[in-house]
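# Per-entry structural report
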Amino acid sequence: SASWDSLRRQVAASLNYQLSGLPYWSEDMGGFLRPPDQYTSPEYHHLLVRWFQFGCFTPVYRVHGGGSRTEIWNYGAQVLGLLNNTNNLRYRFLPYTYSGFYKVYRDG
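Let me sum up the structure you'll find in this document.

Cut-offs used in this document
Residues numbered from 1 in each chain as written. Predicted model: local features only at pLDDT ≥ 70, side-chain atom pairs only at ≥ 80, totals over all residues. Heavy atoms only, no water. Helix = DSSP H or I, 4+ residues; strand = E, 2+ residues; numbered from the N terminus. Polar contact = N/O pair within 3.5 Å; in protein donor to acceptor, adjacent residues only side chain to side chain. Contact = heavy atoms within 4.5 Å. Axes fitted to C-alpha atoms, helices over the stretch in contact; angles between N-to-C directions. Parallel < 35°, antiparallel > 145°, perpendicular 65-115°, else oblique. Nonpolar A, V, L, I, M, F, W, Y, C, P; charged D, E, K, R; others polar. 1 Å grid on protein atoms, 1.4 Å probe; cavity = no way out; pocket = protein on both sides within 12 Å on 5 of 7 lines; lining within 4 Å. Points joined across faces, edges and corners; volume = space filled by probe spheres on them. Phe/Tyr/Trp six-rings, centres within 6.5 Å; stacked < 30°, edge-to-face > 60°.

It is worth spelling out the side chain of S14 at this point. Structurally, S14 can be placed in helix α1 (residues 4-19). Here Q18 takes part through its side chain, which lies 2.9 Å from a polar atom of the side chain of S14. Dropping the residues within four chain positions of it, S14 is found in contact with W25, F54 and T58.

Structure (structure tokens):
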């Protein structure tokens, strides 16, 4: 679900999965089940931005949810700008991320 507790638990899970040898784990950025006012709620927008900021440093970067439109432009111009900043940071890290993927492929 979309909550600060879910984000907190997914940070811990991400670290534990990867330290256990499962390098391609990912979270449902924004929570799989989202609040009905997700497109207008400032509280949810704050959570979504923080989730993206965490997610851009995880191996698999995806926004995913059940029964909702998860495209980032649905959350308004301010949120779109913040999420685009995070997306741009993610793309700047791609050479590093892909090098890590290759190392996992090559060395296990």
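From this point on, the discussion continues.
Their axes nearest at 10 Å, the elements α1 and helix α2 (residues 42-55) cross at an angle of 5 degrees. When the axis of α1 is compared with that of α2, the two are roughly parallel. Residues W4, S6, L7, Q10, V11 and S14 of α1 pack against H46, L47, R50, W51 and F54 of α2. Partitioning the contact of α1 with α2 into residue classes produces 6 nonpolar, 4 polar and 1 charged.

Of the volumes computed, that of the largest pocket is approximately 480 Å³. What lines the largest pocket is a set of 22 residues, among which Q18, P23, F57, P59 and Y96 lie closest to the centre. Every element with two or more residues in the lining of the largest pocket is listed here: α1 and α4 (94-107). When residues of the lining of the largest pocket are assigned to their parent elements, the largest contribution, 7 residues, is made by α4. A breakdown of the residues in the lining of the largest pocket according to their chemical character gives 13 nonpolar, 7 polar and 2 charged.

If you walk through the whole model with that rule in mind, you get 8 aromatic pairs. Three or more aromatic residues joined by ring pairs make a cluster, and in this case those are Y24, Y98 and F101.

Any functional reading would require information that these geometric values do not contain.
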